[in-house]
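Survey of secondary and tertiary structure
The lines below spell out each chain.
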Amino acid sequence: MSEEVRLVAWVRGRVQGVGFRWFTRAKALEIGGLSGFALNLADGRVQVVVEGAREGCEGLLDWLQGTDTPGRVDGVTEIWDTPRGGYDGFAIR
């Protein structure tokens with residue numbers, strides 16, 4: 001059985017106004033078994049909070065750090081934690 005984790009990632013770059021949150025949600029749903037949200041921040045970053053199996057969360061993080069995202073990602077800061085629950089699917093906020 002895979003370890004359940006919580007990942008909080010802050011994505012820097014040109015990530016607002018390019019469909020970044022929508023594509024992040026689509027990728028999370030494609031991976032499957034993930035819940036959480038993607039949120040635009042006032043400083044231009046996108047915050048991604050995701051919970052689920054470590055393997056799935058790592059897959060989403062790899063995608064966030066890769067070159068297949070919309071816009072331009074200059075960097076990702078991440079924090080790993082224990083799941084808190086309370087999410088119904090993956091939302092765009």
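Residues numbered from 1 in each chain as written. Predicted model: local features only at pLDDT ≥ 70, side-chain atom pairs only at ≥ 80, totals over all residues. Heavy atoms only, no water.

**What about the sheet that holds strand E5 (residues 90–92)?**
The line we're drawing: Two strands make a pair as long as DSSP finds a minimum of two bridges between them. Numbering of helices and strands runs from the N terminus; a helix is a DSSP stretch of H or I covering at least four residues, while a strand is a stretch of E covering at least two. Comment: axis = line fitted to C-alpha atoms, over the contacting stretch for helices; angle = value between 0 and 180 degrees taken between N-to-C directions. Whether two residues are in contact is decided by their heavy atoms: any pair within 4.5 Å suffices.
Here we have five strands laid out as an open sheet, ordered E4-E1-E3-E2-E5, and mixed in their pairing. Of all the strands in the sheet, the pair left with one neighbour each is strand E4 (72–81) and E5. Pairs of neighbouring strands in the sheet enclose a mean axial angle of 15 degrees, with direction left out of account. Bridge count for strand E1 (residues 4–14) against strand E3 (residues 46–53) is eight bridges, and the pairing is antiparallel. By the bridge assignment, Leu7 is partnered in E3 with Val50. Helix H1 (residues 20–31) rests against E1, strand E2 (35–40), E3, E4 and E5 of the sheet, and its axis sits at about 170 degrees to E5. Of the strands in this sheet, E1, E3 and E4 touch helix H2 (residues 54–65), which is tilted by about 155 degrees from E3.

**Quick look at H2**
Which entries qualify depends on this criterion: Expected span of a helix: the number of residues minus one, times 1.5 Å. The cut-offs for exposure are 20% and 50% of the maximum accessible area for each residue type, with area from a 1.4 Å probe on protein chains only; residues under the lower value are buried, those over the upper are exposed, and the others partly exposed. Taking the helix axis as origin, the arc is that swept by the directions to the C-beta atoms.
The first and last C-alpha atoms of H2 sit 16 Å apart over twelve residues, in line with the 16 Å expected at 1.5 Å per residue. Those residues of H2 not exposed but buried are Gly56, Cys57, Leu60, Leu61, Trp63 and Leu64. Projected down its long axis, H2 shows its buried positions confined to an angular sector of 160 degrees, all on one face. With respect to the buried face of H2, the exposed residues turned more than 90 degrees away are Glu55 and Asp62. In this structure, the buried residues of H2 make contact with E1, H1, E3 and E4.

**Thoughts on the UniProt feature "domain: Acylphosphatase-like" (unreviewed entry) in the chain**
What counts is decided by this rule: UniProt positions are given in the numbering used here, feature names are shortened, and annotations may be inferred rather than shown by experiment.
Sites flagged by UniProt as "domain: Acylphosphatase-like" (unreviewed entry) map to residues 6–93. For residues 6–93, helix accounts for 27% and strand for 41%, while the C-alpha atoms at its two ends are 18 Å apart.

**What to know about H1**
With twelve residues, H1 extends 16 Å between its outermost C-alpha atoms, agreeing within 8% with the 16 Å of an ideal straight helix rising 1.5 Å per residue. Residues of H1 that are buried in the fold lie against E1, E2, E3, H2, E4 and E5. Remark: Gly32 follows H1 within two positions and exhibits a positive phi of approximately 85 degrees.

**Here we look at the side chain of Ser35**
Its place among the elements puts Ser35 in strand E2. Ignoring sequence-local partners within four residues, the contact set of Ser35 consists of Val49, Val50, Glu51, Tyr87, Gly89 and Phe90.

**Notes on the nonpolar core**
Which entries qualify depends on this criterion: Buried Ala, Val, Leu, Ile, Met, Phe, Trp, Tyr and Cys residues that are joined via side-chain atoms within 4.5 Å together make up what is termed a nonpolar core.
Core analysis: the biggest nonpolar cluster contains 19 residues, and Val11, Val48, Val50, Leu60 and Leu64 have the highest contact counts within it. Elements with a minimum of two residues in this core: E1, H1, E3 and H2. Here the element with the most residues in this core is H2; it accounts for five residues. Dropping the residues within four chain positions of it, Leu64 is found in contact with Ala9, Val11, Phe20, Thr24, Val48, Thr69, Val73 and Val76. Val8, Phe37, Leu41 and Val49 belong to the second-largest nonpolar core, a separate cluster that totals five residues.

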